[in-house]
Amino acid sequence: MTSFAAREITPGAEDEYRITVTVNGERRVVEVEPRLLLAHLLREGLGLTGTHLGCDTTNCGACTVLVDGTPVKSCTMLAVQADGRQVTTVEGLGTAGELDPVQEGFSVEHGLQCGFCTPGMMLSARALLDREPDPSEEDVRWALSGNLCRCTGYQNIVKAVLWAARKERGESA
């Protein structure tokens, strides 16, 4: 166990809170310290390492997850704030047998290089497409404006999201 303690329920500690959070469709009951960040609960407590930590200041967006369908930077959200909520990480996109269209678009349109920012980008894109199935290029750029990529010029990332939107609408991607 790390200093960022999160574990399945055990009797005990007075300085911890019991929370129930549904992560990627699975209901989890955990005890967490009140200061534990959601990003640390996901990574160290639940082993979902697709949520990356890049800055701890909400600047880069690598830690972006969806909380009740809304993009949230998990490096500044406390785990106790997720109590009773639905959290989706990059591991929750798609299935073992089928990629989410956003994941497929990033592959087809070469929307990633090193991959560090990719999980946050994909989740921000997923939230956009869930609320706007026919986004413009400007819509995509605005939705991704809270996510930084240090490797690309963003053009292929934007193309990947637009590709996914076309696929979801049934148009030839």
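A few points on the structure. Everything numeric here is computed off the predicted structure, so don't read it as measured data.

What counts, and at which threshold
Residues numbered from 1 in each chain as written. Predicted model: local features only at pLDDT ≥ 70, side-chain atom pairs only at ≥ 80, totals over all residues. Heavy atoms only, no water. Helix = DSSP H or I, 4+ residues; strand = E, 2+ residues; numbered from the N terminus. Rg over C-alpha atoms; globule rule 2.2 N^0.38 Å. Contact = heavy atoms within 4.5 Å. Lys, Arg positive; Asp, Glu negative; His and termini not counted. Charge placed at Lys NZ, Arg CZ, Asp CG, Glu CD. Pairing = 2+ DSSP bridges. Core = buried A, V, L, I, M, F, W, Y, C linked by side-chain atoms within 4.5 Å. Buried < 20%, exposed > 50% of the residue type's maximum accessible area, 1.4 Å probe, protein only. Axes fitted to C-alpha atoms, helices over the stretch in contact; angles between N-to-C directions. Parallel < 35°, antiparallel > 145°, perpendicular 65-115°, else oblique. Left-handed = near helix turned anticlockwise from the far one by under 90°. Nonpolar A, V, L, I, M, F, W, Y, C, P; charged D, E, K, R; others polar. Salt bridge = Lys/Arg side-chain N within 4 Å of Asp/Glu carboxyl O.

A few words now on the overall build of the protein chain. When its secondary structure is counted, the protein chain shows 5 helices and 6 strands. The order of α-helices and β-strands along the protein chain, N terminus first, is β-β-β-α-β-β-β-α-α-α-α. Taking 16 Å as the expected radius of gyration for a compact globule of 173 residues, we find that the protein chain reaches 17 Å, a close match to that expectation. Taken over the C-alpha atoms alone, the protein chain extends approximately 55 × 30 × 25 Å along its principal axes. When contacts within the protein chain are restricted to residue pairs at least 6 apart in sequence, those whose partners lie at least 24 apart make up 54%. Separation between the mean location of the 16 positive side-chain charges and that of the 24 negative ones in the protein chain comes to 2 Å.

Attention now goes to the pairing of strand β3 (residues 26–32). By the bridge criterion, 7 bridges tie strand β2 (residues 17–23) to β3 in an arrangement that is antiparallel. Within β3, the residue paired with tyrosine 17 across the bridge is valine 32. Turn length for the β2-β3 hairpin, with the two strands adjacent in sequence and antiparallel, is 2 residues, and the turn residue asparagine 24 shows positive phi of about 55°.

Counting residues in hydrophobic clusters, the biggest one holds 24 residues, and the most contacted among them are Val102, Phe106, Met121, Val140, Leu144 and Val161. Taken together, the elements giving at least two residues each to this core come down to α2 (101–108), α3 (118–131), α4 (137–143) and α5 (155–168). Apart from the residues lying within four places of it in its own chain, the contact partners of valine 102 are Met122, Ala125, Arg126, Leu129 and Ala164.

Interhelical geometry of α3 versus α5 gives an angle of 40° and a closest axis separation of 11 Å. Classed by the angle they form, the pair α3 and α5 counts as oblique. The interaxial crossing formed by α3 with α5 has right-handed handedness. Only Ile157, Val161, Ala164, Ala165 and Glu168 of α5 make contact with α3, whose side of the interface consists of Met121, Ala125, Arg126, Leu128 and Leu129. Here the residues of the contact of α3 with α5 are counted per class, giving 8 nonpolar, no polar and 2 charged.

We now examine the pattern of salt bridges. A full pass over the atoms with the stated rule returns 12 salt bridges. Of the charged contacts in the structure, one is a salt bridge between arginine 35 and glutamate 33, with a shortest N-O distance of 2.9 Å. Note on arginine 35: relative accessible area 57%, which makes it exposed. A salt bridge links lysine 159 to glutamate 109, with the shortest nitrogen-to-oxygen separation between them at 3.7 Å. Taken together, the residues lysine 159 in helix α5 and glutamate 109 in the loop between α2 and α3 connect sequence positions 50 residues apart. Exposure remark for glutamate 109: the relative accessible area of 15% places this residue in the buried category. Via salt bridges that share partners, Asp100, Arg126, Asp130 and Glu168 belong to a single interconnected network.

Two elements in contact, α2 and α5, have axes whose closest approach is 8 Å; the angle formed by their N-to-C orientations is 130°. Considered as vectors, α2 and α5 are oriented oblique to each other. Considering only the axes of α2 and α5, their crossing is right-handed. In this structure, α2 contributes Pro101, Val102, Glu104, Gly105, Phe106 and Val108 to the contact, and α5 contributes Ile157, Ala160, Val161, Trp163, Ala164, Lys167 and Glu168.

Turning next to the environment of alanine 160. Structurally, the position occupied by alanine 160 is in helix α5. The class for alanine 160 is buried, based on a relative accessible area of 0%. Sequence-wise, alanine 160 and alanine 143 are 17 residues apart; in three dimensions their C-alpha atoms are separated by 13 Å. With residues near it in sequence (within four places) discarded, alanine 160 still touches Gly105, Phe106 and Glu109.

One can find threonine 51 in the loop between α1 (38–45) and β4 (64–67). Filtering out sequence-adjacent residues up to four positions away, threonine 51 remains in contact with Leu42, Arg43, Ala62, Cys63, Val65, Ser74 and Thr89.

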